[in-house]
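Descriptive structure summary
Chain by chain, the residues:
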Amino acid sequence: MNTKVVNSEDPREHWNDITDIEDAIILDLGCGWLFQPFESTPEFFINNKASKVIGVDCAGGEIAKLNETYPDHVFICKEIKETNDLVELIEQYQPDIIKMDIEGYEILFRDITQDQFKSVKQVAIEYHNNECKHVLCSKLPELGLDITNINQFGWYVTDIEQMGIIHARRHD
């Protein structure tokens, strides 16, 4: 397993361990962040030739702007607070890749089943506390994914036990 320090929210650094984006269906959970000096995660995926980006965020203004700017993709204003919210999106869109940054609600992965997760080949999940990290580190292998990276932040919260990014890929 690899580890590196991430020093920016710029998706070219923050999410650059996500591979095989071209032609992939990407479920971008927590896709907001449009008004920064760098591209948003949906823009990052679109610019890297994802076939379809399904972006979900609770920031309605940002979702409206994304829908207007990228009409070939899907952007939904929704909070993800229950496992069923997550399962419905996965089952409806059958993503190849899930990027998740939903401020502590990544804990919802604990109740996902292998059958519900069968389309997913890769995940990148920003975790926001120690409990979420431990749930993900035990649950992702149960779902058939190998953890490849656990990246640490070089700013804000630098304790890798409290906050970081877990990358995992389906093993063949």
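In case you missed it, the structure is sitting above this.
The rules behind these values
Residues numbered from 1 in each chain as written. Predicted model: local features only at pLDDT ≥ 70, side-chain atom pairs only at ≥ 80, totals over all residues. Heavy atoms only, no water. Helix = DSSP H or I, 4+ residues; strand = E, 2+ residues; numbered from the N terminus. Rg over C-alpha atoms; globule rule 2.2 N^0.38 Å. Buried < 20%, exposed > 50% of the residue type's maximum accessible area, 1.4 Å probe, protein only. Contact = heavy atoms within 4.5 Å. Areas by Shrake-Rupley, 256 points an atom, 1.4 Å probe, with all protein chains shown as cover. Lys, Arg positive; Asp, Glu negative; His and termini not counted. Charge placed at Lys NZ, Arg CZ, Asp CG, Glu CD. Pairing = 2+ DSSP bridges.

Summing up its helical and strand segments, the protein has 5 helices and 8 strands in all. Of the regular secondary structure in the protein, the N- to C-terminal order runs β-α-β-α-β-α-β-α-β-β-α-β-β. The C-alpha atoms of the protein give a radius of gyration of 15 Å, which matches the 16 Å a tight globule of 172 residues would have. Each principal axis of the C-alpha distribution contributes one length, and for the protein these read about 40 × 35 × 30 Å. Burial status across the protein gives 53% buried among its 172 residues. In the protein, the proportion of contacts linking residues at least 24 apart, taken out of those at least 6 apart, comes to 67%. For the protein, the computed accessible surface area is about 8000 Å², with 46% contributed by carbon and sulfur atoms. On the protein, the mean spot of the 15 positive side-chain charges and the mean spot of the 32 negative ones are 3 Å from each other.

With that settled, the discussion passes to helix 4 (residues 83–93). Those residues of helix 4 that fall on the buried side of the exposure criterion are T83, D85, L86, V87, L89, I90 and Y93. Residues of helix 4 that are buried make contact with strand 2 (25–29), strand 3 (52–57), strand 4 (74–77) and strand 5 (97–100).

Burial runs high along strand 2: 4 of the 5 residues are buried. Where strand 2 and strand 3 come together, 5 bridges link them in parallel fashion. In the sheet register, I25 faces strand 3, and the bridge partner there is K52. Strand direction decides the pairing type here: strand 2 and strand 5, joined by 4 bridges, are parallel. From the neighbouring strand, L27 faces strand 5, where its bridge partner is I98.

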